[in-house]
Amino acid sequence: MRAMNDPNFNKVPTASLITDIKETSKRIQQLSYVAFIICFITIASYLIYSLFITAMLLGILMVGISICIYYNRKGFQKITKPVLLGLIMVFLLITGFTNGLAAGGHLYYLPLLFALPLITETTKSSKIELGLYFIFNSLCFAISVIFCPQKSTWQHIPDEMYQSMYYINTCGSMLVSTIFVYFSYYFEKKYATALVNQIARAEDAMHIRTRFLSNMGHELRTPLNGITGITSLLKKENLTNDQKEYVRLLKYCSDQMLNLVNDVLDFNKIESGKLLLHPIAFNLKSVLQQAVLPFKYRYQEKKVGLQIELNNDIDELILADDLRLVQVLNNLLSNALKFTLSGEVKLSAECIIKESKTITIKFSVKDSGIGIDEEDQKKIFESFEQVINENTRLQEGAGLGLAISQRLLELMNSKLQVVSEPGKGSTFFFTCKFSRAYASSEQVFQTKIDYDFKNMSILVVEDNPINKMIVTKMLKDCNAYVETATNGKIALELLLIKSDFNLILLDLQMPEMDGYEAILHMKKMYRDIPVLAFTASLVDEPMKNELLMLGFDGYITKPFKTAELYDKVNKINMVNMQMEKYLQLINN
Ligand code: ADP
């Protein structure tokens, strides 16, 4: 597997970053220095009072600590940490025997306990490590208390000296404990601040990325709208065979690019939580039948069979976001085609549970392609992940299709799953529970209609000449009467002369007077003319609400699909026709 982008591109700080923040290696180094300094101070006093055995043990400890410091600097903290702690704990135990309990050396087990969290990382395995240090520390302490004599049998220590040693060690252990507790608090605060800063930085980066992609999308969609629109128009012209082939290639490339831009924008929208579903009532079976039509030619071309098994139980009106459901199936069908060299692909949808208000459907796309091994199956649903081997090397794609599909299905309370065997094929499947719709006929999504807008007089307000030309041509193809204006100001002047338009398509970003300003004047003067925003921006829920508040009756995003443009214009046409009928009835 490979990540096509920086692996941290989509990620917020993780445990590994937190570990870095704790700087455990630095803390071990500091603890070693503290232990070394304490040893250095105490070794002098032991020599003055002729406690040579303890002084010698301290000397050995200092050598051990120096070695730990050296290797810790070299990056071997995984070994130096247990060695250092072990050395100190064992040293305290031995001095319990050489000095006697009355000297109070065993009291240093307490500050050692406080030091443990300072030098332990926050990973799962460090929990066990911390537990082991704690047990070993407590064990040494218990052995000291139970087995060490009150007074030393190894060296002669006068009673007054025991008194002052106990006094110094008690104060010393209290002091060191206090210092460690303070450092625990200090570092915890430091780590928390660093973590909050890191999260804030990651969030900032996410926002910048979201804004950047959204603006880029806007910039890319506008020229793409031109390319795809003109290609569609060109296809209708009388072309030579060569020209037809060029147009076909042009269409293929522009569609590929549009898919890629849409994928990146969709992914961006999903990641920033802005993608919402827009359920409508539609017949599941007919939408699925329509959804596979564009694939038939592509499958035939590659000589891969395409079987569609749609159970009669799914001939049902359901409430769902048809576009997003079809988007998931499109992704699965194009992947199946991409990764199947021969054999066939089967799309099936079967009803699993049918209740009075809901219906549960299992969708699956089964192919006889190259398959995916078990390790890779876990990763393919991540963004920008692709399996790279000799079979997939030549395939295009950004590794976003399955990630988007998975996120879309999560929004539908479903989950995309896969069973696959390398060399034998894959089956991608998911189960969705939909509300059943008992809608009136006009609510039903119409998939194929021969539109006739002969009664429509439409004003297209758009500054981009290519977009203007394409929309005008498409509307005129359906017999609509179309007038155009290149900005809001010209549109308003035109409306003063001719105000009997049935619909205005109004671009939002235009020179002189943009759509946001123009709509305010239009709604003041010509309240009854429906106005659809014509925009290349991503329309999320807040923007949609803003458009409605401004007075728009809906919107069409660019690059628009011909069907979407016709569908929205047709809805307004139907309302107009009903109004006319109603007025005729009243007049009669
Ligand atoms: P891409 O744009 O690369 O197709 P996807 O997210 O759709 O991105 O798929 C991710 C990866 O999963 C693909 O690159 C491919 O390696 C693997 N994959 C997806 N579908 C199939 C399939 N039907 N058969 C074999 N491999 C597949």
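Our subject is the structure listed above.
Rules behind the numbers
Residues numbered from 1 in each chain as written. Predicted model: local features only at pLDDT ≥ 70, side-chain atom pairs only at ≥ 80, totals over all residues. Heavy atoms only, no water. Helix = DSSP H or I, 4+ residues; strand = E, 2+ residues; numbered from the N terminus. Expected span 1.5 Å × (residues − 1). Phe/Tyr/Trp six-rings, centres within 6.5 Å; stacked < 30°, edge-to-face > 60°. Buried < 20%, exposed > 50% of the residue type's maximum accessible area, 1.4 Å probe, protein only. Lys NZ or Arg CZ within 6 Å of the ring centre and 35° of its normal. 1 Å grid on protein atoms, 1.4 Å probe; cavity = no way out; pocket = protein on both sides within 12 Å on 5 of 7 lines; lining within 4 Å. Points joined across faces, edges and corners; volume = space filled by probe spheres on them. Axes fitted to C-alpha atoms, helices over the stretch in contact; angles between N-to-C directions. Parallel < 35°, antiparallel > 145°, perpendicular 65-115°, else oblique. Contact = heavy atoms within 4.5 Å. Nonpolar A, V, L, I, M, F, W, Y, C, P; charged D, E, K, R; others polar.

Engineer: Just give me the short version of helix 4 (residues 77-99), but keep the residues and values in it.
Structural biologist: In a regular helix each residue adds 1.5 Å, so 23 residues correspond to 33 Å; helix 4 covers 31 Å between its end C-alpha atoms and thus fits that length. Just downstream of helix 4 lies Gly 100, where phi reads positive at about 90°.

Engineer: Outline the packing of aromatic side chains, supporting the account with residue identities and numerical values.
Structural biologist: Counted under the stated rule, the structure contains 13 aromatic pairs. Consider the rings of Phe 363 and Phe 430, whose centres lie 4.9 Å apart with planes at 20°: the pair is stacked. Here the residue Phe 363 occupies a position in strand 6 (residues 358-367), and Phe 430 occupies one in strand 9 (residues 425-436), the gap between them amounting to 67 residues. Phe 430 shares its class with Phe 363; the two are buried. An aromatic cluster is built from Tyr 182, Phe 183, Tyr 186, Phe 187 and Tyr 191, whose rings are joined through pairwise contacts. We note Lys 498 situated over the ring of Phe 501; from NZ or CZ to the ring centre the distance is 4.8 Å. Against the face of Tyr 555 rests Lys 568, its NZ or CZ located 4.8 Å from the ring centre.

Engineer: Tell me about empty space enclosed by the protein, and name the residues and values.
Structural biologist: As enumerated under the stated definition, the model contains one cavity of 30 Å³ or more in all. Ile 38, Ile 88, Phe 91, Leu 92 and Tyr 108 are the residues nearest the centre of the largest cavity, which is lined by 27 residues in total. Of all the secondary-structure elements, those providing two or more residues to the lining of the largest cavity are helix 2 (24-48), helix 3 (52-73), helix 4, helix 5 (109-115) and helix 7 (159-235). Take the lining of the largest cavity: its biggest share by element is seven residues, from helix 2.

Engineer: Can you explain the packing of helix 4 against helix 6 (residues 124-147)? Please cite residues and give values.
Structural biologist: At a minimum axis separation of 9 Å, helix 4 and helix 6 run at an interaxial angle of 10°. Regarding the angle of helix 4 to helix 6, the classification is roughly parallel. In this structure, helix 4 uses Lys 81, Pro 82, Leu 85, Gly 86, Met 89, Val 90, Leu 93 and Phe 97 to contact helix 6, whose residues at the interface are Glu 129, Tyr 133, Phe 136, Asn 137, Cys 140, Ile 143, Ser 144 and Phe 147. A per-class count over the contact of helix 4 with helix 6 returns eleven nonpolar, three polar and two charged.

The values are spatial; any link to function lies outside them.
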